[in-house]
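# Remarks on the overall topology
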2 protein chains.
Amino acid sequence: MSRTSTAPTKFTHVACGDCPIRHRAVCARCDDTELKQLDEIKYYRSFQAGQTIVWSGDRMDFVASVVSGIATLTQTMEDGRRQMVGLLLPADFVGRPGRETAAYDVVATTDLVMCCFRKKPFEDIMVTTPHVGQRLLEMTLDELDAAREWMLLLGRKTAREKIASLIVIIARRDLSLKPGDADGRVVVDLPLTREAMSEYLGLTLETVSRQISALRKDGIIQIEGKRHITIPDFDRLIEEAGDDSDGGFLA
Amino acid sequence: MSRTSTAPTKFTHVACGDCPIRHRAVCARCDDTELKQLDEIKYYRSFQAGQTIVWSGDRMDFVASVVSGIATLTQTMEDGRRQMVGLLLPADFVGRPGRETAAYDVVATTDLVMCCFRKKPFEDIMVTTPHVGQRLLEMTLDELDAAREWMLLLGRKTAREKIASLIVIIARRDLSLKPGDADGRVVVDLPLTREAMSEYLGLTLETVSRQISALRKDGIIQIEGKRHITIPDFDRLIEEAGDDSDGGFLA
DNA sequence: CAAAATCCTTGACCTAGATCAACAAATGTC
DNA sequence: GACATTTGTTGATCTAGGTCAAGGATTTTG
């Protein structure tokens, strides 16, 4: 439990205008006038599962919040090796204010709706409304923390620890739990295919499948269907994940 | 060459008051009055090689620029496995404005001098001087980009590619090169021990040593002593690194 | 409802990198 | 200048996870 953050990691109850979800992002502290400004430059976009939203290196002229569905940020090597570097769940934010182009592929993993803000006017609002910039800094620092946890996972954890960590991370996000909040029985639906998990974890999909089976056989998790997981003892799973961290709040 | 950043990645020539180095960081766009403010809250600290500056989870009541020497940010697991998550060279910035505690160990890898700013007053300056916050956001986004490159390295690259990548990254930092700038002969001094490299790359130190030897035998690099490296053909080394990225500008 | 995709699991085998171990070279120290 | 320490190299061996391959379970499509 090393994190003592001043950033609101819970969802705030300030909705962004008539936006159907509560953005964790930019509008957390905006007043009505400011929300109206944001309203004026926002628009919705839908994407089909599998669709690439932006290619690495392409111009990306918006920032956005995920309304529903899942998107991933992925780095690709010329020979096709892929590493996920960000996982966007509903209410997550994506965008690089001050940057022209995307540094990674942004892919809709499921059918996806995003609430987008055109970048230029958004940046203007950032200038005139300091706390929008402040929120963005906080969010970016959170992402950096998550990225660094993730680096530990990629560089040093075993396959089994990686899988356990991923389930913990998703469970926490799912339940909006802070570290240490949950114990006892927890239920999660994995929103990712085995392949997507392998791209997240720096493994092959076969290894992912095998390790999930192993955790099942050892009674750490129970599985119905392919994605529905019951964790009888959450603390036990955290032990398997091999760290006492706060798990990070993903990108 | 995917990066097209608006952030100044070159050093700016605005020194921070009488600070002996040019901070890439906070004072890049400050005027004299603002520099004076920063001057008033800054102080210098020296550390010996090997000294831990802050432990993960400890209170960290300052932000700082590296004046000379090298520091690393490292995540540690209970059983001692270590993963470097940030490498700080002279002029790099470290700190988590808005955060109470460190999320990783900060260690002086060599003898080190830092120019520190007490956090509270620094945050006050951030509020009154918007572009300081803006610079910080830019810097944090750069770090996030670097972290994501690093994740690709950790998750998907071979040992040989990892070593080649590290040498490329250090060479670029050393020469303050932008991607694509350098070709032909390049000379670098590795500022890290084999062990530190292994912590950076998610390898063992033996593998680091072997792969460096292999690159030497294959004529990709030449070595004098243990750390002094000559790269006869920089583009060749980039090929070995297995990516066309901008290499990232580390934490 | 058959055919074709997807998505997932499991087995057999292989290899990159880890582990264990010995030693060499450089550096510090009294 | 001998001794200890730190740093780096190389060899022998082991193993976690990758690769290749077959097949099962669902979902999609026509």
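The coordinates are above.
This is a predicted model, so every value here is computed, not measured.

## A closer look at the packing of aromatic side chains
Residues and elements named next belong to chain A.
- In this structure the tally under the stated criterion is six aromatic pairs over all chains.
- With centroids separated by 6.4 Å and ring planes inclined at 35°, the aromatic side chains of F93 and F122 adopt a geometry described as tilted. On the criterion of sequence distance, the pair formed by F93 in strand 6 (residues 93–94) and F122 in helix 2 (residues 119–128) is long-range, its members being 29 residues apart. F122 carries the same exposure label as F93, and that label is buried.

## Some remarks on the sheet that holds strand 8 (residues 112–118) of chain B
Residues and elements named next belong to chain B.
- Ordered by their spatial adjacency, four strands build an open sheet running 1-8-3-6, and the pairing between neighbours is antiparallel. Both edges of this open sheet fall to strand 1 (42–47) and strand 6 (93–94), since each of them pairs with a single strand only.
- Sheet topology note: the strand 1/strand 8 ladder contains six bridges and is antiparallel. Looking at the pairing, R45 lines up with M114 of strand 8.
- Strand contacts of helix 1 (residues 32–41): strand 1 and strand 8, with the helix running at about 50° to strand 1, the strand carrying the most contacts.

## A closer look at the protein's contact with DNA strand D
- Close to DNA strand D lie 17 residues, the nearest being A159(A), T207(A), R210(A), R194(B) and S213(B).
- The contact in question runs from a phosphate oxygen of DNA strand D to an N or O atom on the side chain of R227(B), over 2.9 Å.
- Counting only elements with at least two residues in the surface near DNA strand D, the list comes to helix 6 (205–217) of chain A together with helix 6 (205–217) of chain B.
- Ranked by residue count, the leading element in the surface near DNA strand D is helix 6 of chain B, at five residues.
- Broken down by class, the residue content of the surface near DNA strand D amounts to three nonpolar, seven polar and seven charged.

## Overview of the pattern of salt bridges
- Evaluation of the coordinates by the stated rule reveals 30 salt bridges over all chains.
- Put simply, R99(B) and D142(A) hold a salt bridge, and the shortest N to O gap is 2.6 Å. Pair noted here: R99(B) is in the loop between strand 6 and strand 7 (105–108) and D142(A) is in helix 3 (residues 130–156), and the two residues belong to different chains.
- Under the relative-accessibility criterion, R99(B) is labelled buried at 1%.
- Accessibility expressed as a relative area gives 10% for D142(A), which makes it buried.
- With a shortest N-O distance of 3.3 Å, K120(B) and D124(B) are connected by a salt bridge. Of this pair, K120(B) and D124(B) both sit in helix 2 (residues 119–128), separated by four residues, roughly a single helical turn.
- Here D124(B) falls in the partly exposed class, since its relative accessible area comes to 39%.
- Here the salt bridges do not stand alone but share partners, grouping R160(A), D218(A), R236(A) and E240(A) into one network.

## Examining the packing of helix 4 (residues 159–175) of chain B against helix 6 of chain B
Residues and elements named next belong to chain B.
- Interaxial distance between helix 4 and helix 6 falls to 9 Å at its minimum, and their mutual angle equals 75°. The angle between helix 4 and helix 6 places the two elements in the roughly perpendicular class. Listed contacts from helix 6 to A159, R160, I163, A164 and I167 of helix 4 are T207, V208, Q211, I212, A214 and L215.
- Counted by class, the contact of helix 4 with helix 6 contains eight nonpolar, two polar and one charged residues.

## Details of the relation of the copies chain B and chain A
- Rotating chain B by 180° and moving it 0.0 Å along the rotation axis overlays it on chain A with an RMSD of 0.0 Å. Accordingly, the operation relating the two chain copies is best matched by a two-fold axis.
- Interface overlap between copies is the fraction of interface residues in one copy that are interface residues in the other; for chain B against chain A it reaches 100%, indicating a shared surface.

## Observations concerning the interface of chain B and chain A
- Taken together, the contacts link 56 residues of chain B with 56 residues of chain A.
- Carbon and sulfur atoms supply 55% of the area buried between chain B and chain A, which totals about 4,700 Å² over both sides.
- Three residues stand out in chain B for area buried against chain A, namely R148(B), M151(B) and R156(B), and they jointly supply 18% of the buried area on that side.
- Linking chain B with chain A are eight salt bridges.
- Two residues, R96(A) and D145(B), come together in a salt bridge whose shortest N-O distance is 2.5 Å.
- The tally of links from chain B across to chain A stands at 22 residue pairs in polar contact (both at pLDDT 80 or more).
- At the level of elements, strand 4 (71–76), strand 5 (82–88), helix 3 (130–156) and helix 5 (194–201) of chain B are the ones that each hand at least two residues to the side of chain B that touches chain A.

Conventions we followed
Residues numbered from 1 in each chain as written. Chains lettered and ligands numbered in written order. Predicted model: local features only at pLDDT ≥ 70, side-chain atom pairs only at ≥ 80, totals over all residues. Heavy atoms only, no water. Phe/Tyr/Trp six-rings, centres within 6.5 Å; stacked < 30°, edge-to-face > 60°. Helix = DSSP H or I, 4+ residues; strand = E, 2+ residues; numbered from the N terminus. Buried < 20%, exposed > 50% of the residue type's maximum accessible area, 1.4 Å probe, protein only. Pairing = 2+ DSSP bridges. Contact = heavy atoms within 4.5 Å. Axes fitted to C-alpha atoms, helices over the stretch in contact; angles between N-to-C directions. Near = heavy atom within 4 Å. Polar contact = N/O pair within 3.5 Å; in protein donor to acceptor, adjacent residues only side chain to side chain. Nonpolar A, V, L, I, M, F, W, Y, C, P; charged D, E, K, R; others polar. Salt bridge = Lys/Arg side-chain N within 4 Å of Asp/Glu carboxyl O. Parallel < 35°, antiparallel > 145°, perpendicular 65-115°, else oblique. Least-squares fit on C-alpha atoms with pLDDT ≥ 70 in both. Buried area = accessible area lost by both parts, 1.4 Å probe.

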